[in-house]
Amino acid sequence: NKFVFDGDEPLDQGMYLIVLPPDNDIYEIIINEDQNFQVSLNHAQGISSMQINGNEENSSFLQYLRLLRDLKPIGNRLNEELSTLEPASESYNAVEDELNNLGKQVDEKRDELNLKFPESILSLIIHSSDQIKVPEFEEIVDPDERKMKRFLYYKKHYFDAFDLNDERLIRTPFFLKRVDYFLDELTVQIPDSITKSIDFLMHEFSGNDEMFKFHLIHVINKYAQSKVVGFDAVYVHIVDQYYAKDLASWVDQEQLDKMIKNSNTLKPILIGKTAPDIVLKTMEGKAIRLHSIESEYTILYFWDPDCGHCKKSIPKMIDFYEKYKNQGVAILAVCTKLTDKVPSCWEAVKDRGMDIWVNAADAYLRSRYKQVYDIRSTPMIYVLDENKTILSKKIASTQLEEVINKLKELKAQEKL
């Protein structure tokens, strides 16, 4: 069948996909300045039958894809054969030469296309597979220092092949993966390092509104949805440094206010902050202040008698406490029931064997602990040190032993 795609204005430039039912087979095409061209193919024969008329860059792109397709099985076969041969043997060297020749064919085609279509989308696609040539730094004697030097060089030059203000990169299949690799693999996975990498990227993207917008939306979603403990600090940084400073004009005021409010809620309870002090009432009716608990580690455990996940976690909490109660660990369990439902807390405490630690509640939320500690669901766990600094949070009861052991190990190392 014949289909005509037309419109009142040009499409944004980049790589597009033609998707055909019933199996959603995909055919890649380039949309550049010249958007009047024809594509034909026999679906049963796939890319082998595909023809593009009226757009030279697309025709060359198709040739490049076919070359890669044809060489891939040959390369796979040679690599498999190479794995069975003795390194440096005559047979091994012969197969390695064949592989190198395959690589030369690809390189020659890449060089030809780069020369013919400089600054094109095809050139962007070709550069996406460029290998960064990292110096050996042989003058550095220490192997660990040399390894670190090479890594830092690789990271510094990771985006050298691209103009980071070229918004066509948004509409390619590789660039977002490259950004995520930079954030996930080339950046130390602690909030301070991640925020520095994000700030570097956003500064580089600041010369193009679309690049800036696309990647700012990407990182805010990436870290808002992250389940990694402590990465909420990255979310807070992005909101404070970009959204709260009116650098995201596309966000409506209502949504912006929600984001800023959420950031302000999270800020006091980030890892490394002093846990906000709260005053509660114990099961015996006595006032207890969180900061008055003297213990090397305090586990702040928010729970609800009717919560199914709490019922499953309580036996694990009990096992954990029995093992660590004489190793500097205290538990303050806060039942989240309110007003006349609070007595059900104390019934559950006795029925479930939770009376081995300190139990408390705040019937009228005078301490505002639900807002202060962002309690949106239960169970919720915070791990505090002797100074009530937040060391970890929002972890499962099954992770507590591992976390405490790791904290003790780090503390022992600091004393050495």
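The coordinates are above.
Here's what I pulled together on the structure shown here. (Residues numbered from 1 in each chain as written. Predicted model: local features only at pLDDT ≥ 70, side-chain atom pairs only at ≥ 80, totals over all residues. Heavy atoms only, no water.)

1. A few points about the packing of helix H8 (residues 232–243) against helix H9 (residues 253–266)
One can describe the packing of H8 onto H9 by two numbers: an axis separation of 9 Å at closest approach and a directional angle of 130°. Judged by the angle between their axes, H8 and H9 are oblique. The interaxial crossing formed by H8 with H9 has left-handed handedness. Across from Asp232, Tyr235, Val236, Val239, Asp240 and Tyr243 in H8, the residues of H9 making contact are Leu256, Met259, Ile260, Asn262, Ser263 and Leu266. (Axes fitted to C-alpha atoms, helices over the stretch in contact; angles between N-to-C directions. Helix = DSSP H or I, 4+ residues; strand = E, 2+ residues; numbered from the N terminus. Parallel < 35°, antiparallel > 145°, perpendicular 65-115°, else oblique. Left-handed = near helix turned anticlockwise from the far one by under 90°. Contact = heavy atoms within 4.5 Å.)

2. Re the nonpolar core
Counting 80 residues, the largest nonpolar core has Phe175, Ile238, Tyr243 and Tyr373 as the members making the most contacts within it. Considering every element that reaches this core, the biggest residue donor is H8, with eight residues. In this structure, Ile331, Trp346, Val349 and Leu407 belong to the second largest nonpolar core, which totals 31 residues. (Core = buried A, V, L, I, M, F, W, Y, C linked by side-chain atoms within 4.5 Å. Buried < 20%, exposed > 50% of the residue type's maximum accessible area, 1.4 Å probe, protein only.)

3. Here's the deal with the sheet that holds strand E10 (residues 380–385)
Here seven strands make up an open sheet; going across it, the order is E6-E5-E9-E8-E7-E10-E11 and the pairing mixed. At either margin of the open sheet sits one strand with a lone partner, and together these are strand E6 (287–289) and strand E11 (390–393). When the angles between neighbouring strand axes are averaged without regard to direction, this sheet yields 30°. As paired strands, strand E7 (residues 297–303) and E10 are joined by six bridges and run antiparallel to one another. Bridge assignment links Tyr297 to a residue of E10, and that residue is Asp385. This element, helix H10 (residues 308–324), spans E7, strand E8 (329–335) and E10 of the sheet and lies at about 165° to E7. (Pairing = 2+ DSSP bridges.)

4. Concerning the packing of aromatic side chains
Under the criterion given, the structure shown has 19 aromatic pairs. For the pair Phe302 and Tyr373, a centre-to-centre distance of 5.7 Å together with 40° between the ring planes defines the contact as tilted. Linking Phe302 in strand E7 with Tyr373 in the loop between helix H12 (369–372) and E10, this pair joins segments that are 71 residues apart in sequence. Taken individually, Phe302 and Tyr373 each receive the classification buried, so the pair is uniform in this respect. (Phe/Tyr/Trp six-rings, centres within 6.5 Å; stacked < 30°, edge-to-face > 60°.)

5. Details of the environment of Phe182
With respect to the secondary-structure elements, Phe182 resides in helix H5 (residues 175–184). Given the relative accessible area of 3%, Phe182 is considered buried. Expressed as a C-alpha distance, the spacing of Phe182 and Lys155, which sit 27 residues apart in the sequence, is 7.7 Å. Non-local contacts of Phe182, meaning those with residues more than four positions away in its chain, are made with Lys155, Tyr158, Phe159, Thr187, Ser197, Phe200 and Leu201.

6. A short note on the pairing of E8
Residues in a regular strand point their side chains to alternate faces of the sheet. Burial runs high along E8: seven of the seven residues are buried. With burial as the criterion, each face of E8 is covered, one bearing Val329, Ile331, Ala333 and Cys335 and the other bearing Ala330, Leu332 and Val334. Inspection of the sheet shows E8 paired to strand E9 (residues 358–361) by four bridges, in the parallel sense. Bridge assignment links Cys335 to a residue of E9, and that residue is Ala361. Since E8 and E9 lie parallel, the crossover through helix H11 (residues 343–351) that links them has a hand, and here it is right-handed. (Right-handed = clockwise from strand over helix to strand, strands pointing away.)

Keep in mind that these numbers describe shape and distance, not what the molecule does.
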